[in-house]
Structure formats: structure tokens, C-alpha cells
Amino acid sequence: MSNQPILLSKALASFDALWSPRIVTRVNDYDVRIAKVEGEHLWHVHDDTDEFFLVIEGELQISLREPEGERTVVLPQGAVFTVPRGTEHKPSAPSGAAILMFEPTGTPTVGDRHEEIPDHVDATTGHDLNA
Ligand code: NI
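Residues numbered from 1 in each chain as written. Predicted model: local features only at pLDDT ≥ 70, side-chain atom pairs only at ≥ 80, totals over all residues. Heavy atoms only, no water.

### Brief notes about the packing of aromatic side chains
No. 1: Summed over the entire model, instances satisfying the criterion amount to 1 aromatic pair.
No. 2: Its end group placed over the ring of Phe-15, Lys-36 keeps NZ or CZ at 5.3 Å from the ring centre.
No. 3: In this structure, Arg-65 is placed above the aromatic ring of Trp-43, and the distance from its NZ or CZ to the ring centre is 3.7 Å. (Phe/Tyr/Trp six-rings, centres within 6.5 Å; stacked < 30°, edge-to-face > 60°. Lys NZ or Arg CZ within 6 Å of the ring centre and 35° of its normal.)

What follows is the structure, given as C-alpha cells:
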């Protein structure tokens, strides 16, 4: 982990992989992760943790399966949203986006339960920024 300021634009320029988060820093037991995304992720659920999203560039959509039914929230650049623990969700970005996530260290990107993982999705707990 760096002891210097990290410019998110530079951090994002340092990798190309989609749906493959990089850990930019840690806060107590939480990771601050950034990812480039395009197309669809997969339906999954984190049983024990909320998941925070901030859109740095582009537009992110998050589909949610809630007790009342299914809906999709649209997050433009600059928007934040927290998916509550236990809520099945599927992020997508038809035109591409760069996002920042805040979640406990060790949280798998595909959740604790998920549908089949497509080839374009990296099932990971996050990679070091410079790895
Ligand atoms: Ni998630």
C-alpha cells in the first residue's frame, strides 16, 4: 500500500482489465477498490456486507432484486449508491464506466452466492494496484 497520494486518473490508466478491481488503499478493515467496467457483471449477493459504489467516469447501472420486485438504478458520473447486504444485484455499464467501491477486505467480487461466472468477469477479492 502506497504512503503517497494516489491520483485516481493515473491509477485507472495503469491497467486495462475489465471487471477486475484494483485496491488503491485500505481504511481500517476496508478496501477502496477501483475498476473499469463495460457490459454486464453477474447476479450475485453479499450475505454479510453492504457494498458502496461511486461512479468516477461514465454511467453505471445496478439491477436489484428486492422483496417488492426487480428494479435498476442508474448512476451517472459522480453518483454514489450502496447495495444493502443480502440484496441480489447485477452491475452493468452498456457504454463503459470507471467505478470506485468500498467494502470489507476479502469481499469477493462475485459475492457469496452467484450465477455462473462469465469468462469476462474476474472472480477476485481485488488485486494490488501495481501487481
Ligand atoms: Ni456486489
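Read on for the rest.
### Looking at the pairing of strand S5 (residues 60–66)
No. 1: Relative to strand S6 (residues 69–75), S5 runs antiparallel, the two sharing 7 bridges. Within S6, the residue paired with Ser-63 across the bridge is Thr-72.
No. 2: Linkage of S5 to S6, two consecutive antiparallel strands, is achieved through a turn of 2 residues.
No. 3: Both S5 and strand S8 (residues 88–104) contribute to a ladder of 5 bridges, which runs antiparallel. Along S8, the bridge assignment pairs Arg-65 with Glu-88. (Pairing = 2+ DSSP bridges. Helix = DSSP H or I, 4+ residues; strand = E, 2+ residues; numbered from the N terminus.)

### Quick notes on the coordination of the nickel ion
No. 1: Protein-derived coordination of the nickel ion comes from His-44 (NE2), His-46 (NE2), Glu-51 (OE) and His-89 (NE2), at a distance range of 2.0 to 2.2 Å.
No. 2: Taken together, the 4 donor atoms coordinating the nickel ion span angles of 85 to 171 degrees at the metal, a pattern that classifies the geometry as irregular.
No. 3: Read N to C, the donor residues that coordinate the nickel ion are spaced as H-x1-H-x4-E-x37-H. Taken together, the residues His-44 in strand S3 (residues 44–45) and His-89 in strand S8 connect sequence positions 45 residues apart.
No. 4: The class for His-89 is buried, based on a relative accessible area of 1%. (Donors = N, O, S within 2.8 Å, 3.2 Å for Na, K, Ca; no water. Tetrahedral: all angles 85-135°; square planar, octahedral: opposite > 155°, others 65-115°. Buried < 20%, exposed > 50% of the residue type's maximum accessible area, 1.4 Å probe, protein only.)

### Observations regarding the nonpolar core
No. 1: Membership of the largest hydrophobic core comes to 20 residues, with the highest contact counts inside it found for Val-37, Phe-53, Leu-60, Ile-62, Leu-75, Phe-81 and Ile-99.
No. 2: Of all the secondary structure elements, the ones that give two or more residues to this core are strand S2 (30–40), strand S4 (51–58), S5, S6, strand S7 (80–83) and S8.
No. 3: Ranked by residue count, the leading element in this core is S8, at 4 residues.
No. 4: In this structure Phe-53 touches Leu-60, Ile-62, Leu-75, Ala-79, Val-80, Phe-81, Val-83, Pro-91, Ile-99, Leu-100 and Met-101, once residues within four positions along its chain are discounted.
No. 5: In this structure, Leu-12, Val-32, Ile-34 and Ala-98 belong to the second largest nonpolar core, which totals 10 residues. (Core = buried A, V, L, I, M, F, W, Y, C linked by side-chain atoms within 4.5 Å. Contact = heavy atoms within 4.5 Å.)

### With respect to the environment of Phe-81
No. 1: Following the sequence through the fold, Phe-81 ends up in strand S7.
No. 2: Sequence spacing of Phe-81 and Glu-51 is 30 residues, and the spatial spacing of their C-alpha atoms is 8.4 Å.
No. 3: Residues within four places of Phe-81 in sequence aside, it is in contact with Glu-51, Phe-52, Phe-53, Ile-62, Leu-64, Arg-71, Val-73 and Leu-75.

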